[in-house]
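Listed below are the residues making up each chain.
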Amino acid sequence: MAWYPRAVKMELQPESSTQQAIRPTQVIYHSIAAPWTPKRTYEYWRDSTNLESHFGLGFDGTLWQYLGTQTRADANYRANRRADGTGAISLESASNLDHTDPWTDEQVEELIKLGVWAHKTHPDIPLRICRSASDPGFGYHRLHSDWALGGTDCPGDARVKQFRELVFPAIVARATGAPEPTKPTTPSVPPTPRRRRRPVAYRLTGA
Ligand SMILES: [Zn+2]
């Protein structure tokens, strides 16, 4: 069982004892469509539904781990555990009720660190975005339809953009020692068009 040292360990039972082992080959990021702390998320899975993830991430970067990464978690439909014993490590992150908001800077930082740790801890998780539902690598919930029963928009457009432009490139950079991507910036004011010089009025001299 692998427990991430940066996360608060809060083992979810009976899932942790009863669910099958997996060999992790993927990391899948989610938004939970609720502005919850990892504690509230833990209580939700303990008391209500059984669609848990391994990790819960609050807006402030607080991270809890509920299951060891070699235990099946049930948030990813067919990626939870395949017939060959491979499966996905999953993370739920706090969001607004419609999961339309971007990850906070604190969340982005923890997503990157967790991704690097997962890659280094589990040799079967390569540094690429999953090309198919069973392809090893990194992804977000809506990336492949086999990961969500009935379909989902999770984690929302803003976070998909962050994943592709910021989170995943930074995981690759840190894991390989390459320079990190800088946060994409958009100019707040469009550049002012150059003022056209007035045509000089030539006096017709009649010459
Ligand atoms: Zn999801």
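Because the structure is a prediction, the values reported are computed rather than measured.

Caption draft 1: Representation of unusual backbone geometry. The peptide bond linking Gln13 to Pro14 adopts the cis configuration, its omega dihedral lying at 10 degrees. Cis peptide bonds are those with omega within 30 degrees of zero, and the linkage from Cys154 to Pro155 qualifies with 10 degrees. Checked against the element boundaries, Pro155 lands in the loop between β6 (137–140) and α4 (157–176). Positive phi, normally seen in glycine, also occurs at Tyr77, with a value near 50 degrees. Its place among the elements puts Tyr77 in the loop between β4 (63–65) and β5 (86–93). Take Tyr77: its relative accessible area is 32%, and that puts it in the partly exposed class.

Caption draft 2: Seen up close, the packing of aromatic side chains. Considering all chains together, one arrives at 11 aromatic pairs under this definition. Taken together, a centroid distance of 6.1 Å and an interplanar angle of 20 degrees make the contact between Tyr42 and Tyr66 stacked. Taken as a pair, Tyr42 in helix α2 (residues 38–47) and Tyr66 in the loop between β4 and β5 lie far apart in primary sequence, 24 residues in all. Tyr42 gets classed as buried once you look at its relative accessible area, which sits at 14%. Assessed through its relative accessible area of 0%, Tyr66 is described here as buried. Aromatic rings pair up to connect Tyr29, Trp103, Phe138, Tyr140, Phe163 and Phe168 into one cluster. In this arrangement the basic side chain of Lys9 is found over the ring face of Trp3, its NZ or CZ atom lying 4.4 Å from the centre.

Caption draft 3: Inspection of the coordination of the zinc ion at higher detail. Protein coordination at the zinc ion: the donors are His30 (ND1), His141 (ND1) and Cys154 (SG), at 2.1 to 2.4 Å from the metal. Linear spacing of the donor residues for the zinc ion on their chain is H-x110-H-x12-C. One end of the pair, His141, is in the loop between β6 and α4; the other, Cys154, is in the loop between β6 and α4, with 13 residues separating them in the sequence. The pair formed by His141 and Cys154 is uniform in burial state, with each residue classed as buried.

Caption draft 4: Spatial organisation of the confidence of the model for the chain. With 88% of its residues at a pLDDT of 70 or more, the chain shows a mean pLDDT of 91. Segment residues 200–207 is flagged for pLDDT under 50; beyond a separation of four residues in sequence, or across chains, it makes 0 contacts in the model.

Caption draft 5: Looking closely at the nonpolar core. Grouped together as the largest cluster of nonpolar side chains are 36 residues, with contacts concentrated most on Tyr29, Phe55, Leu91 and Val167. Contributing elements (two or more residues each) for this core: β2 (23–31), β3 (55–57), β5, α3 (105–121), β6 and α4. With 8 residues, the top contributor of residues to this core is α4. Beyond its immediate sequence surroundings of up to four residues, Leu91 is in contact with Ile28, Tyr29, His30, Ser53, Phe55, Leu57, Leu63, Leu111 and Leu114. Listed in part, the 9 residues of the second largest apolar core include Leu12, Ile32, Tyr42 and Leu67.

Caption draft 6: Just the sheet that holds β2, in detail. In space, the 6 strands of this open sheet follow the order β1-β4-β3-β5-β2-β6, with mixed pairing throughout. Both edges of this open sheet fall to β1 (8–9) and β6, since each of them pairs with a single strand only. Pairing between β2 and β5: 8 bridges, direction parallel. Bridge pairing links Ser31 to Ser93 in β5. Strand contacts of α4: β2, β5 and β6, with the helix running at about 160 degrees to β6, the strand carrying the most contacts.

Conventions used here
Residues numbered from 1 in each chain as written. Predicted model: local features only at pLDDT ≥ 70, side-chain atom pairs only at ≥ 80, totals over all residues. Heavy atoms only, no water. Helix = DSSP H or I, 4+ residues; strand = E, 2+ residues; numbered from the N terminus. Buried < 20%, exposed > 50% of the residue type's maximum accessible area, 1.4 Å probe, protein only. Phe/Tyr/Trp six-rings, centres within 6.5 Å; stacked < 30°, edge-to-face > 60°. Lys NZ or Arg CZ within 6 Å of the ring centre and 35° of its normal. Donors = N, O, S within 2.8 Å, 3.2 Å for Na, K, Ca; no water. pLDDT = per-residue confidence, 0-100. Contact = heavy atoms within 4.5 Å. Core = buried A, V, L, I, M, F, W, Y, C linked by side-chain atoms within 4.5 Å. Pairing = 2+ DSSP bridges. Axes fitted to C-alpha atoms, helices over the stretch in contact; angles between N-to-C directions.

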